[in-house]
Amino acid sequence: MSRESGARDKLRLYFLSHVGEVLDSDTLREIAGISEWARRVRELRNEEGYQILTNNDRSDLKPGQYLLENTKPQPAFARDISKEVRAYVLDRNGFTCQMCGAVAGEPHPFDPTRKTRLHIGHIIDKSMGGTDDPANLRAICSVCNEGASKITFERPSYDKLLIQVRRATNGDQLKVLEWLMKKYPRQAKAFIPKED
C-alpha cells in the first residue's frame, strides 16, 4: 500500500468516525501524516463521493474546517487518465504548471521549501461535464492544485454571477436557491415571510 493511499484510508476512517463533527486542518494533517493531506480529502470527495463540506458549502464553517455530512457516498468520478495521456500532457505543457509557471523538480516560487510536483488537472472539472480528453487536461503543481490563495483565479463578481443565474433554467435557479439556503440557513430565515 502506498503512503498516499494509506493516508486516504486513515482520513476516511477518521471522517467516518466523526460524522457531523467539525474537523480542522491541523487535525486532518496529523491524521494523514503527509503534507498533501488536502489532496487526499479531495479524493475522498471527488473519487469516492463523500460529502465533505467546507466553508464553500456552509457559511458556518470557517476556512480550514471540514465536516462529513453523512456516511453515504454520492456518485463519484473515477480517475481514468492513462499513463500515456499523463506523459503526453506533461510533455505538451513543458513540465510546467499551467497556472503559476513553476517547473517540475525546482523549488516552488510560492513556497521555496517545497520542490515543484506536477499533477494532471482538468480544465473543466468532471463534475461540470469535463472529460479526460487531453484537450481538457493540463499540468498543475501541488500548490496550485491545493488552491493557494495567492494564485487562484479572480472570483466572479455579483453582476457576473447574476447574469449566469438569470440565463439558467428555472430548475437550475431553484437548485442555486436551495444551495444558498443550505449554506446560509440563518440568513435565509430573514427572507421567509412569517405566517400570521
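This is a predicted model, so every value here is computed, not measured. (Residues numbered from 1 in each chain as written. Predicted model: local features only at pLDDT ≥ 70, side-chain atom pairs only at ≥ 80, totals over all residues. Heavy atoms only, no water.)

A. Spatial organisation of the overall build of the protein. In terms of helices and strands, the protein carries eight helices and seven strands. A total of 196 residues make up the protein; the buried ones form 29% of that total. Partitioning the contacts of the protein with sequence separation of at least 6, the portion at a separation of at least 24 is 55%. For the protein, the accessible area works out to roughly 13,200 Å², and carbon and sulfur atoms hold 54% of it. (Helix = DSSP H or I, 4+ residues; strand = E, 2+ residues; numbered from the N terminus. Buried < 20%, exposed > 50% of the residue type's maximum accessible area, 1.4 Å probe, protein only. Contact = heavy atoms within 4.5 Å. Areas by Shrake-Rupley, 256 points an atom, 1.4 Å probe, with all protein chains shown as cover.)

B. Expanded view of the environment of Thr169. By secondary structure assignment, the location of Thr169 is in the loop between helix H6 (158-167) and helix H7 (170-183). On the basis of relative accessible area, Thr169 is assigned to the partly exposed category, the value being 49%. Reaching out from Thr169, the side chain makes a polar contact with the backbone nitrogen of Asp172 at a distance of 3.1 Å. (Polar contact = N/O pair within 3.5 Å; in protein donor to acceptor, adjacent residues only side chain to side chain.)

C. Highlighting the packing of aromatic side chains. Summed over all chains, the structure comprises one aromatic pair. For the ring pair Trp37 and Tyr66, a centre distance of 5.8 Å and an interplane angle of 80° mean the geometry is edge-to-face. With a gap of 29 residues between them, Trp37 in helix H3 (residues 37-46) and Tyr66 in strand S3 (residues 65-68) connect regions that are remote in the sequence. Assessed through its relative accessible area of 7%, Trp37 is described here as buried. (Phe/Tyr/Trp six-rings, centres within 6.5 Å; stacked < 30°, edge-to-face > 60°.)

D. Structural detail: the state of the cysteines. According to the stated counting rule, one finds zero disulfides in the structure shown. The cysteine Cys97 is free of any disulfide, with Cys144 supplying the nearest cysteine sulfur at 3.7 Å. Note on Cys100: no disulfide assigned, nearest cysteine sulfur contributed by Cys144 at a separation of 3.7 Å. (Disulfide = S-S within 2.5 Å.)

E. View of the environment of Lys182. With respect to the secondary-structure elements, Lys182 resides in helix H7. By relative accessible area, which is 56% here, Lys182 ends up exposed. With 123 residues separating them along the chain, Lys182 and Ser59 place their C-alpha atoms 8.7 Å apart.

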